[in-house]
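Per-entry structural report
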Amino acid sequence: MIDSKIIDNAVNQARKTMNNGEGGPFGAAIITKDGQIFYASNQVLKEHDPTAHAEICCIRKACKALNTHDLSGCILYTTCQPCPMCLSAIIWSNIKEIWYGCNADDADKAGFRDAFIYEYIEKKCKDSCVLKITQIDRDRANVLFEEYKKMSGEIY
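A brief look at the structure comes next. The shown structure was predicted, so the numbers you read here are calculated from the model rather than taken from an experiment.

Here is a general trend for soluble globular proteins: nonpolar side chains tend to be buried in one another's company. The biggest cluster of nonpolar side chains holds 23 residues, and the ones touching the most others in it are Ile30, Cys58, Ile59, Leu71, Leu76 and Ile95. Looking at this core, the elements that each hand over two or more residues are β1 (27-31), β2 (37-41), α3 (54-66), β3 (75-80) and α4 (84-92). The element best represented in this core is α3, accounting for seven residues. Among residues more than four places away in sequence, those in contact with Cys58 are Ala28, Ala29, Ile30, Phe38, Tyr39 and Ala40. Core analysis: the second largest hydrophobic core is formed by six residues, Ala29, Ile31, Tyr39 and Tyr77 among them.

Of all five residues in β2, four are buried, a share of seventy percent or more. One ladder, built from five bridges, connects β1 with β2; its direction is antiparallel. Directly across from Ala28, in β2, lies its bridge partner Ala40.

Moving on, we come to the environment of Gly24. Relative to the assigned elements, Gly24 resides in the loop between α1 (4-19) and β1. Put simply, Gly24 and Gly101 are 77 residues apart on the chain and 15 Å apart in space, counted from C-alpha to C-alpha. Leave out the neighbours within four places in its chain, and Gly24 touches Ala14, Met18, Asn42 and Phe112.

By volume, the largest pocket amounts to about 510 Å³. Of all the elements in the fold, those that place two or more residues in the lining of the largest pocket are α2 (44-47), α3, α4 and α6 (114-122). Per-element accounting of the lining of the largest pocket gives the leading share, three residues, to α4. Tallied by class, residues from the lining of the largest pocket come to 13 nonpolar, seven polar and three charged.

Strand order across the open sheet formed by four strands is β2-β1-β3-β4, with mixed pairing between neighbours. At either margin of the open sheet sits one strand with a lone partner, and together these are β2 and β4 (97-102). For this sheet the average axis-to-axis angle between neighbouring strands, irrespective of direction, equals 15°. Here α3 sits on the sheet in contact with β1, β2 and β3, set at roughly 145° to β2.

Considering all chains together, one arrives at one aromatic pair under this definition. Taken together, a centroid distance of 4.9 Å and an interplanar angle of 80° make the contact between Phe26 and Phe112 edge-to-face. Placement of Phe26 in the loop between α1 and β1 and of Phe112 in the loop between α5 (104-109) and α6 is noted, with a sequence separation of 86 residues between them. Classification of Phe26 by relative accessible area gives buried; the value is 11%.

Calculation rules
- Residues numbered from 1 in each chain as written.
- Predicted model: local features only at pLDDT ≥ 70, side-chain atom pairs only at ≥ 80, totals over all residues.
- Heavy atoms only, no water.
- Core = buried A, V, L, I, M, F, W, Y, C linked by side-chain atoms within 4.5 Å.
- Buried < 20%, exposed > 50% of the residue type's maximum accessible area, 1.4 Å probe, protein only.
- Helix = DSSP H or I, 4+ residues; strand = E, 2+ residues; numbered from the N terminus.
- Contact = heavy atoms within 4.5 Å.
- Pairing = 2+ DSSP bridges.
- 1 Å grid on protein atoms, 1.4 Å probe; cavity = no way out; pocket = protein on both sides within 12 Å on 5 of 7 lines; lining within 4 Å.
- Points joined across faces, edges and corners; volume = space filled by probe spheres on them.
- Nonpolar A, V, L, I, M, F, W, Y, C, P; charged D, E, K, R; others polar.
- Axes fitted to C-alpha atoms, helices over the stretch in contact; angles between N-to-C directions.
- Phe/Tyr/Trp six-rings, centres within 6.5 Å; stacked < 30°, edge-to-face > 60°.

Here it is as structure tokens:
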């Protein structure tokens, strides 16, 4: 369900923190099944945290308030198409519906790298000029997965 007031509030939240120098022009809202709404905006500059995107901050806020890591049934509104990092966090949190304003190309035109990262992933992350990824000591690390399976640890 589209609710213009929610996206307007997310835009206003983003504008406020953007103008305060706390982060970029991104805002988000999460709405629960019972109508609770959580708002957040980009806090990368304020927190000195490259992961403090609006969607991530909103997920953290909602999860903390609801005392859960599972946001099944929630809807995410965001002022811009989620970047790959945020998209992953959204999937991990079990949100199944997203409504967004601007797209990755709009963000690219403003100087953000969302489209560049999507392109990197689409090329199967083969560009070592962007990032060098090397697997090492799999057997040593895989022990943790074996131990976790024996504990019947919760999969999330």
